[in-house]
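Observations on the model geometry
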Amino acid sequence: MDSSSAAGDLGAAVNDPQLQHFIEVETQKQRFQQLVHQMTELCWEKCMDKPGPKLDSRAETCFVNCVERFIDTSQFILNRLEQTQKSKSAFSENLSD
Amino acid sequence: MAAGVGDFGSGGRLDPGVLMEQVKVQIAVANAQELLQRMTDKCFRKCIGKPGSSLDNSEQKCIAMCMDRYMDAWNTVSRAYNSRLQRERANM
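My aim in this report is to walk through the structure given alongside it, one point at a time. (Residues numbered from 1 in each chain as written. Chains lettered and ligands numbered in written order. Predicted model: local features only at pLDDT ≥ 70, side-chain atom pairs only at ≥ 80, totals over all residues. Heavy atoms only, no water.)

1. Some remarks on the overall build of chain B
Secondary structure assignment for chain B yields two helices and zero strands. A total of 92 residues make up chain B; the buried ones form 30% of that total. In chain B, once contacts between residues fewer than 6 apart in sequence are set aside, the share between residues at least 24 apart is 29%. Carbon and sulfur atoms form 57% of the exposed surface of chain B, whose accessible area is close to 6200 Å². (Helix = DSSP H or I, 4+ residues; strand = E, 2+ residues; numbered from the N terminus. Buried < 20%, exposed > 50% of the residue type's maximum accessible area, 1.4 Å probe, protein only. Contact = heavy atoms within 4.5 Å. Areas by Shrake-Rupley, 256 points an atom, 1.4 Å probe, with all protein chains shown as cover.)

2. Quick notes on the nonpolar core
Val36(A), Met39(A), Trp44(A), Phe63(A), Val67(A), Val77(B) and Tyr81(B) are the most contacted members of the largest nonpolar core, which has 26 residues in total. Counting only elements with at least two residues in this core, the list comes to helix H2 (17–47) and helix H3 (57–91) of chain A together with helix H1 (16–47) and helix H2 (57–90) of chain B. The element contributing the most residues to this core is H2(B), with eight residues. Those residues in contact with Phe63(A), other than ones at most four positions away along the chain, are Thr40(A), Cys43(A), Trp44(A), Cys47(A), Met48(A), Leu55(A), Ala73(B), Thr76(B) and Val77(B). If you look at the next biggest cluster of nonpolar residues, it comprises five residues, including Leu19(A), Phe22(A), Leu14(B) and Met20(B). (Core = buried A, V, L, I, M, F, W, Y, C linked by side-chain atoms within 4.5 Å.)

3. Some words on the interface of chain B and chain A
Each side of the interface is counted separately: chain B has 31 residues, and chain A has 36 residues. Where chain B abuts chain A, roughly 3500 Å² becomes buried across the two surfaces, and 65% of that area is made up of carbon and sulfur atoms. At the boundary of chain B with chain A, the tally comes to seven salt bridges. Taking the shortest distance from any N to any O, the salt bridge between Glu41(A) and Arg38(B) comes out at 2.7 Å. Broken down by secondary-structure element, the contributors of at least two residues to the side of chain B that touches chain A are H1 and H2 of chain B. Element by element, the count of residues in the side of chain B that touches chain A is highest for H2(B), at 18 residues. Its residues assigned to classes, the side of chain B that touches chain A comprises 16 nonpolar, four polar and eleven charged. (Buried area = accessible area lost by both parts, 1.4 Å probe. Salt bridge = Lys/Arg side-chain N within 4 Å of Asp/Glu carboxyl O. Nonpolar A, V, L, I, M, F, W, Y, C, P; charged D, E, K, R; others polar.)

4. Some remarks on H2(A)
With 31 residues, H2(A) ought to run about 45 Å at 1.5 Å a step, and its terminal C-alpha atoms sit 44 Å apart, in line with that. Listed in full, the buried residues belonging to H2(A) are Leu19(A), Phe22(A), Glu26(A), Phe32(A), Val36(A), His37(A), Met39(A), Thr40(A), Cys43(A), Trp44(A) and Cys47(A). (Expected span 1.5 Å × (residues − 1).)

5. Regarding the packing of aromatic side chains
With the rule as written, the count across this model stands at two aromatic pairs over all chains. Judged by centre distance (4.8 Å) and plane angle (5 degrees), the ring pair of Phe32(A) and Tyr81(B) falls under stacked. On the criterion of chain membership, the pair formed by Phe32(A) in helix H2 and Tyr81(B) in helix H2 is interchain, its members lying in two chains. When its relative accessible area of 12% is taken as the criterion, Tyr81(B) is described as buried. (Phe/Tyr/Trp six-rings, centres within 6.5 Å; stacked < 30°, edge-to-face > 60°.)

6. What about the environment of Leu55(A)?
Topologically, Leu55(A) is positioned in the loop between H2 and H3. For Leu55(A), the residues in contact, after removing those within four places along its chain, are Met48(A), Glu60(A), Phe63(A), Arg69(B), Asp72(B), Ala73(B) and Thr76(B).

7. Re the side chain of Ser78(B)
Mapped onto the elements, Ser78(B) comes out in helix H2. For Ser78(B), a relative accessible area of 15% puts it in the buried group. Leave out the neighbours within four places in its chain, and Ser78(B) touches Phe32(A) and Val36(A).

Here it is in structure tokens:
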């Protein structure tokens with residue numbers, strides 16, 4: 001991964017392996033956090049009626065299932081797109097882009 | 001010697017340690033803002049039916065409860081996602 005273009009004139013520090021590692025780790029952490037924000041918002045709509053004095057077990061189960069099914073959905077779509085792309089290119093090799 | 005944002009140490013040389021600390025702080029601030037914004041949106045929807053002339057008592061109670069439940073939800077989602085990642089890593 002080439003981060004030197006994005007960092008621009010930050011210079012030699014960009015090639016610092018410690019900094020490289022730091023950027024990788026923080027980017028991963030941030031992806032995780034971002035998806036948690038997104039799924040919390042989405043699942044809140046599906047699982048929350050009226051906020052009560054505590055998160056009841058029914059809602060908690062709903063949130064866990066919601067996360068699992070959201071990831072399943074994302075993987076399913078990715079797989080299916082991959083499949084359709086494959087069969088498409090097999091059938092339409094003479095149809096150039 | 002207060003190190004402001006953009007002040008990357010002396011001599012024009014970038015101090016990676018200082019830089020990393022600043023990035024961490026900025027990430028934490030961005031995450032807090034993100035949570036605040038989404039929580040405000042969700043709890044406004046849940047608790048403010050018809051905006052009146054002030055935030056009345058029952059609305060304030062609802063918002064307080066909603067905030068706590070939103071944090072619970074956030075933590076539950078974070079845990080569920082994390083355990084899913086662990087499981088997938090174990091299956092690779």
